[in-house]
Amino acid sequence: MNFQIDAENERIASEAARLAAGFDDDYWSEHDTRHEFPWEYYDAFARGGWLGVLVPPEYGGSGLGVSAAGTLLRTVAASGGAMNAASTLHLSIFGMGPVIHHGSEAMKQKYLPPTATGELHVSFGVTEDDAGTDTSRIRTHAVRDGDGWVANGKKVWNTKAQQAHKILLLARTTPREECERPYDGMTLFLADLDRKYCEVREIPKLGRNAVNSNEVFVNDLPISNDDVVGEVGRGFYHLLDGINPERIVIAAEAVGIGRRAVEVARKYACERIVFDRPIGANQAISHPLADSHSELEAADLLWQKAAWAYDTGAGNIGALANMAKFRAGEAGFRACDRALQTLGGFGYAREYHVERYWRESRLMRIAPISQEMALNFVAEHVLELPRSY
Ligand SMILES: Cc1cc2nc3c(=O)[nH]c(=O)nc-3n(C[C@H](O)[C@H](O)[C@H](O)COP(=O)(O)OP(=O)(O)OC[C@H]3O[C@@H](n4cnc5c(N)ncnc54)[C@H](O)[C@@H]3O)c2cc1C
């Protein structure tokens, strides 16, 4: 076994850190407070070609793989940009996974090059209020209309829908009760997010506010047949291909935020004098930080193993991706919570930014999949325990 850092990933980390250094904590705090999309940051990474890291070279990307994408996103998350910085790039990098794997040649030619350059913005439309994690219960549906389709329904939590030109829309095309299996009969569309037929409303939320989350109301949206991704009725299965890599890079992002929080807390603990000594001399302060440091190291190895398994096609990718997401989500949030405690009252003040890391790392225990569902996967598919739901 060789744990030496790959030279290519080292280059990616150093280049990403150089670019991210142009956007400090105050930049992110201001954009978060004002709910402003970080265009200058997005454009800087787009110009550097980083949005095409998973797009195959024949469509204008670099096709580097999940290990490279995780390295990039861990680095930007650790820069102080936290989840705001990672999510700004994340959707462009991962959103088009189903198109890369299942789109027609014409669809790939048309939409992958502008994804790689950053010109095309796509939102992801899976979650619905009533269905929750049970995606088989979605109500958004599409019916055939001449040569195309017409969709109706409502989606929720659609990241970046304010900027998006397109939405990867999962819709029922055969009623659930008429399908052999509950997840059959759903189709994935790369539909126009046409404001004539779609109303987009931002959801006020706890954190990661530079990147908007929305409700999307879909009213008689016409969709061309050319915008069907893969096979009609197999949309849910097409989505699955993108789910594991997304969980792996979320784990990498959680490690990045956690490391940033530990570093801020470490410096503070060395400098802050109370009772005539640095607070870091108290083991009640130093042990939690040392513990978090080692938890983050362990989580870092796990996501890298999962990424390696995905990129090389070796090992049980679903199990590794879910375990990495779970472990890193816990370790990242705990590191931010401990950092906040280390800073005492100032941890609660915006000026020190730890409260922002804390708010944003909390999200990683909920999305893109909750910790409970990640554990359900491990219990059922790794430990072969009976399905609990
Ligand atoms: C900021 C943000 C951005 C998001 N971006 C997008 C996006 O771009 N596109 C998109 O489609 N979705 C997006 N989501 C949605 C996200 O994927 C879901 O919120 C997440 O998967 C959880 O689903 P839910 O909120 O419907 O929870 P529910 O399914 O309602 O579950 C509620 C709670 O019950 C638990 N639970 C439910 N069933 C079980 C069970 N069988 N066993 C144990 N526990 C269970 C869950 O773990 C959870 O804690 C986003 C969410 C957030 C908060």
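As the structure is a prediction and not an experimental result, all values here were calculated from the model. By convention here, each chain's residues receive numbers from 1 onward along its written sequence. Totals for whole chains, interfaces and linings use every residue, but because this is a predicted model, local features are given only for residues with pLDDT of at least 70 and side-chain atom pairs only at 80 or more, for both listing and counting. Excluding hydrogens and water, the side-chain figures rest on all heavy atoms present in the structure.

Things to note about empty space enclosed by the protein
Two kinds of site are reported from a 1 Å grid over the protein atoms alone, namely cavities, where a 1.4 Å probe fits but cannot get out, and pockets, open sets with protein on both sides within 12 Å along at least five of seven lines, and residues are called lining when an atom falls within 4 Å of a point. Grid points are joined across faces, edges and corners, and a volume is the space filled by probe spheres set on the points. Tallying each qualifying case throughout the model produces one cavity of 30 Å³ or more. Within this model, the largest cavity holds a volume of roughly 40 Å³. In terms of lining residues, the largest cavity is bounded by L91, S92, G95, M96, T115, L120, H121 and V122. Within the lining of the largest cavity, the residues separate by chemical class into four nonpolar, four polar and no charged. Basically, the charged four are Asp, Glu, Lys and Arg, the nonpolar ten are Ala, Val, Leu, Ile, Met, Phe, Trp, Tyr, Cys and Pro, and anything else, Gly included, counts as polar.

So, helix α4 (residues 66-94)
Only DSSP runs of H or I covering at least 4 residues are called helices, and only runs of E covering at least 2 are called strands; the numbering of each starts at the N terminus. Take the residue count of a helix, subtract one, and multiply by 1.5 Å to get its expected span. The end-to-end C-alpha distance of α4, which contains 29 residues, comes to just 10 Å, noticeably less than the 42 Å that a straight helix rising 1.5 Å per residue would cover. Across the chain, bend at a residue is computed as the angle between axes fitted to the seven residues ending at that point and the seven starting from it. Within α4, the axis deviates most sharply at G81, by approximately 135 degrees. The classification of residues rests on relative accessible area computed with a 1.4 Å probe and restricted to protein chains. Under 20% of the type maximum is buried, over 50% is exposed, and intermediate values are partly exposed. Most of α4 is tucked away: 28 of the 29 residues are buried.

Considering the layout of surface pockets
Here the second largest pocket is characterised by a volume of approximately 820 Å³. For the lining of the second largest pocket, the secondary structure elements donating two or more residues are α1 (7-20), α4 and α8 (283-312). Per-element tally for the lining of the second largest pocket: the top contributor is α8, with eight residues. Split by residue class, the lining of the second largest pocket holds nine nonpolar, six polar and nine charged.

Some points on the domain arrangement of the protein
Domain boundaries assigned for the protein yield domain 1 (7-117), domain 2 (122-233) and domain 3 (237-382). Note: domain ranges come from an automatic or database domain assignment. The C-alpha-based centres of domain 2 and domain 3 are spaced at 31 Å. Facing 15 residues of domain 2, the contacting portion of domain 3 comprises eight residues. Summed over both partners, the accessible surface that disappears when two parts come together, traced with a 1.4 Å probe, is what is meant by buried area. Summed over both partners, the interface of domain 2 with domain 3 buries about 940 Å², with 72% contributed by carbon and sulfur atoms. Broken down residue by residue, the surface that domain 2 buries against domain 3 is led by T133, L206 and R208, which jointly contribute 44%. Contact definition: two residues touch when any of their heavy atoms are within 4.5 Å.

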